[in-house]
Structure formats: structure tokens, C-alpha cells
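# Close look at the chain arrangement
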Amino acid sequence: AQSVTQLGSHVSVSEGALVLLRCNYSSSVPPYLFWYVQYPNQGLQLLLKYTSAATLVKGINGFEAEFKKSETSFHLTKPSAHMSDAAEYFCAVSDHQAGTALIFGKGTTLSVSS
Amino acid sequence: GAGVSQSPSNKVTEKGKDVELRCDPISGHTALYWYRQRLGQGLEFLIYFQGNSAPDKSGLPSDRFSAERTGESVSTLTIQRTQQEDSAVYLCASSQRRAGGADTQYFGPGTRLTVL
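All of the points below concern the structure found in this document. (Residues numbered from 1 in each chain as written. Chains lettered and ligands numbered in written order. Predicted model: local features only at pLDDT ≥ 70, side-chain atom pairs only at ≥ 80, totals over all residues. Heavy atoms only, no water.)

## Considering the overall build of chain A
Of regular secondary structure, chain A possesses 0 helices and 12 strands. Written out in order from the N terminus, the α and β elements of chain A read β-β-β-β-β-β-β-β-β-β-β-β. The globule rule puts the C-alpha radius of gyration for 114 residues at 13 Å, and the 14 Å found for chain A is close to it. Seen through its principal axes, chain A has C-alpha atoms that stretch 45 × 30 × 20 Å. A buried classification covers 45% of the 114 residues belonging to chain A. By sequence separation, contacts in chain A at least 24 residues apart represent 56% of the contacts at least 6 residues apart. With the model as given, the accessible surface of chain A reaches about 5300 Å², and the carbon-plus-sulfur share is 51%. Side-chain charges in chain A split into 7 positive and 7 negative, and the spacing between the mean points of these groups amounts to 4 Å. (Helix = DSSP H or I, 4+ residues; strand = E, 2+ residues; numbered from the N terminus. Rg over C-alpha atoms; globule rule 2.2 N^0.38 Å. Buried < 20%, exposed > 50% of the residue type's maximum accessible area, 1.4 Å probe, protein only. Contact = heavy atoms within 4.5 Å. Areas by Shrake-Rupley, 256 points an atom, 1.4 Å probe, with all protein chains shown as cover. Lys, Arg positive; Asp, Glu negative; His and termini not counted. Charge placed at Lys NZ, Arg CZ, Asp CG, Glu CD.)

What follows is the structure, given as C-alpha cells:
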């Protein structure tokens, strides 16, 4: 069965600093990979997704993620954190079968200080 | 356009009572999913509907949980004889099912269920 591991349940950065949220997946076949963000008291919003095209995926709000097959990783980065980036971030994976439910990591809470 | 909506936004119930949670997917989305998010945990898949096909119920944690969907519209998740461990946020998502597993799922705001 596929699984997703997010290293670090809580990451704190200063405003303007680099954001790096880690995600590793376990699958012998490269899956589809997603990053979602959840702001307080809101539903999940898609940041970006990898679907076997370009390995560097750019998303909304200045975020990007790089698919690395050799490391089975899909880490999320943003060059310069903003206070509004404070939220919970979830990495998720699905396989190539139509309609497969997403398998989520446990989430990483990002705090941004001024 | 309108997104996925869920009702109620909050539900407090007593242990042993039944509850119904409602999801209105995005119009035209054939696929609908229910997930559960317990405190400090990621989302757990519960059930998946695709058109008129038999639903995938593989994520339902017990026979107290059931769900229905009318055609390609509204879905209701029912929890019978609620237990305290059922307390969680229940999220609904829908997708167009154009690209299989690469489809983007659009999530509703969730229903926060508290079982006393």
C-alpha cells in the first residue's frame, strides 16, 4: 500500500526566509503527487500537483515542488515566506487508477514570525 | 463558480445518536469522496462515488458508517450510534474524473462533528 511521510509536524520560519516542507512517498511506480494547504477553519485548497510531466512543478502563491524519483520525494518550497503562508500543509499521493482516493500525510503546520 | 458545500458546518451530538452530514458537490463533477480528519491526523479516506457505479466503501471504519449519493448530485454520510472516537472533521471532495488519479479534488469546508 502506498504511504506518505511528512517530516516535521511543525515548521517555524521568519518572514522572508526560505520555506521547505518535506514529503516522501513509498511506491514502486511514481504516483501522482499533490500539495494542499488548509487555512484555519477552511477546506483544503490545491497548491500544486505532479502528474509525470515536468519534475519541477510551480503552484499558486509562489510555491513550487520538485519530484525526485531517486529520493522518492516531493518537497515543497517557497523562496520567501509571508505571514499569510501560515497554515497547515498536506502532501498526498494517488496512483494511476481512475478515481483513486488520495492518501494523505499527517500534515505540517507552518508558522511564520515577523 | 460555486464550490463544494457541506452542512451543517458544526454538529454536536450525544453518544449513541445518529447523525447525517450533507455534501453538495460542484455541478458536473461525477466523482465524490468523503474523508475524515481527526485532530492532529491527516485525512482518512472513507468512501468514493463515481457516477452510477457501485461505491468504493473500503475506507469505512465500521458498519455504523454509510453513505448515499443521488445520481451525480448530493451525498449524505450517516453515522449511526455515534461514539466519541467519531469526533472529527468530515470533509467532502468532488472531481471531474477526466484524468484518473491525476484529477484535482476540490474540497468543501467540512463538518466538525463533536460527540459528547
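## Some points on the environment of B:Ser53
All names here are of chain B. Here Ser53 is to be found in the loop between strand S5 (43-50) and strand S6 (65-69). The exposure class of Ser53 is partly exposed, given its relative accessible area of 47%. The sequence separation of Ser53 and Cys92 amounts to 39 residues, and the corresponding C-alpha distance is 18 Å.

## Notes on the packing of aromatic side chains
Summed over the entire model, instances satisfying the criterion amount to 14 aromatic pairs over all chains. Both rings, one in A:Tyr50 and one in A:Phe67, keep their centres 4.2 Å apart while their planes meet at 15°; by these two values the pair is stacked. Highlighted residues: A:Tyr50 in strand S6 (residues 44-50) and A:Phe67 in strand S8 (residues 64-68), separated in sequence by 17 residues. Comparing A:Tyr50 with A:Phe67 shows no difference in burial state: the two are buried. A ring pair is formed by B:Tyr35 and B:Phe45, whose centres lie 6.2 Å apart and whose planes are at 70°; its orientation type is edge-to-face. Here the residue B:Tyr35 occupies a position in strand S4 (residues 31-37), and B:Phe45 occupies one in strand S5, the gap between them amounting to 10 residues. The rings of A:Phe34, A:Tyr36, A:Phe90, A:Phe104, B:Tyr33, B:Tyr35, B:Phe45, B:Tyr48 and B:Phe107 are connected pair by pair, giving a single aromatic cluster. (Phe/Tyr/Trp six-rings, centres within 6.5 Å; stacked < 30°, edge-to-face > 60°.)

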